[in-house]
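Given next are the chains, with one letter for each unit.
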Amino acid sequence: KRFEIIIVDNGSTDLTKQISEDFIQHFPGFKIRYFYEAIPGLLSGRHRGVQEAKGEIYTFIDDDVEVSDNWLDTILNIMETDQKVDLLTGPCLPKYEIDPPEWLNSFWIKNEYGLHCGWLSLLDFGDEEKEIDPIFVWGLNFTIRKSVFERLKGFHPDIIPPKLQMFQGDGETGLSLKAKESGYKAWYHPQVKLKHLVPESRLSMDYFKQRAYSQGISNSYTDIRK
């Protein structure tokens, strides 16, 4: 009863609305609300969700993840117990559609926290909770206090149609950078865990080339804002 689920349909032309309404009908005990947002892009989708949300804690996920059973309870417990935690995330583990190619190992990076592969939004910082750099709080598993979100003025443009690609921003990275510059605390907890579907189409060099191209535009946006 303490949670609400907001589905933002960002200009879909498929059965998203019907499927969402079926869920709402079949699960009356949950607070599920559906909204259609015609303006394309992840920025407008996320910000529409924020405008409609009633709570003091925002948790964003992507539409291709499977969260763990105690995911929401853990988030709420941490955010209520430690008021100094401003942003929160956890393991974002792969659920591969096919066996990954051997060359994918080269795209995993090890740092002081653990392992991550930004190319596929995968992150595993181990089985112990810890404070981390806010730039590792990624959009598929992104929790932030409403008050902090509003002070930092939200996300930057992200994931927009190809014809608008020149306006691509740095998305949640931009928000995380603002949080880092302002000294906000980011926390990693192993039970805030989800699995990220990695389809066969993303396990190709063509996808990685396109991903690198988009990342270049995002990096340019970050540099210009500096």
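Only a predicted model underlies this, so the values are computations on that prediction, with no experimental measurement involved.

**Brief notes about the layout of surface pockets**
Phase 1: Taken as a whole, the second largest pocket spans an internal volume of roughly 170 Å³.
Phase 2: Looking at the second largest pocket, the residues that line it are His-156, Asp-170, Gly-174, Leu-177, Lys-178, Glu-181, Thr-222, Arg-225 and Lys-226.
Phase 3: Mapped onto the lining of the second largest pocket, the elements with two or more residues apiece are α5 (171–181) and α6 (205–225).
Phase 4: Of the residues forming the lining of the second largest pocket, the biggest block, four residues, is contributed by α5.
Phase 5: Looking at the lining of the second largest pocket, its residues break down into one nonpolar, three polar and five charged.

**Notes on the sheet that holds strand β3 (residues 57–61)**
Phase 1: On the basis of which strands lie adjacent, the open sheet formed by five strands has the order β3-β11-β5-β12-β10 and mixed pairing. With one partner strand each, in any of the chains shown, β3 and β10 (130–132) form the two edges of the open sheet. On average, adjacent strands in this sheet sit at an angle of 25° to one another, irrespective of strand direction.
Phase 2: Pairing of β3 with strand β11 (residues 141–145) involves five bridges; the strand directions are antiparallel. What sits directly across from Ile-57, in β11, is Arg-145.
Phase 3: Packing against the sheet, helix α3 (residues 71–81) makes contact with β3, β5 (87–89), β11 and β12 (186–188), and its axis sits at approximately 145° to β3.

**Focus on the pattern of salt bridges**
Phase 1: Enumeration according to the criterion identifies eight salt bridges in this entry.
Phase 2: Among the salt bridges present, the one from Lys-185 reaches Asp-82, with a minimum N-O distance of 3.6 Å. A residue pair is termed long-range when its members are at least 10 positions apart, and Lys-185 in the loop between α5 and β12 and Asp-82 in the loop between α3 and β5 qualify at 103 residues.
Phase 3: Among the residues examined, Asp-82 registers a relative accessible area of 25% and is labelled partly exposed.
Phase 4: If you follow the salt bridges from partner to partner, you end up with Glu-37, Arg-48 and Glu-52 in one network.

Criteria and thresholds
- Residues numbered from 1 in each chain as written.
- Predicted model: local features only at pLDDT ≥ 70, side-chain atom pairs only at ≥ 80, totals over all residues.
- Heavy atoms only, no water.
- 1 Å grid on protein atoms, 1.4 Å probe; cavity = no way out; pocket = protein on both sides within 12 Å on 5 of 7 lines; lining within 4 Å.
- Points joined across faces, edges and corners; volume = space filled by probe spheres on them.
- Helix = DSSP H or I, 4+ residues; strand = E, 2+ residues; numbered from the N terminus.
- Nonpolar A, V, L, I, M, F, W, Y, C, P; charged D, E, K, R; others polar.
- Pairing = 2+ DSSP bridges.
- Axes fitted to C-alpha atoms, helices over the stretch in contact; angles between N-to-C directions.
- Contact = heavy atoms within 4.5 Å.
- Salt bridge = Lys/Arg side-chain N within 4 Å of Asp/Glu carboxyl O.
- Buried < 20%, exposed > 50% of the residue type's maximum accessible area, 1.4 Å probe, protein only.

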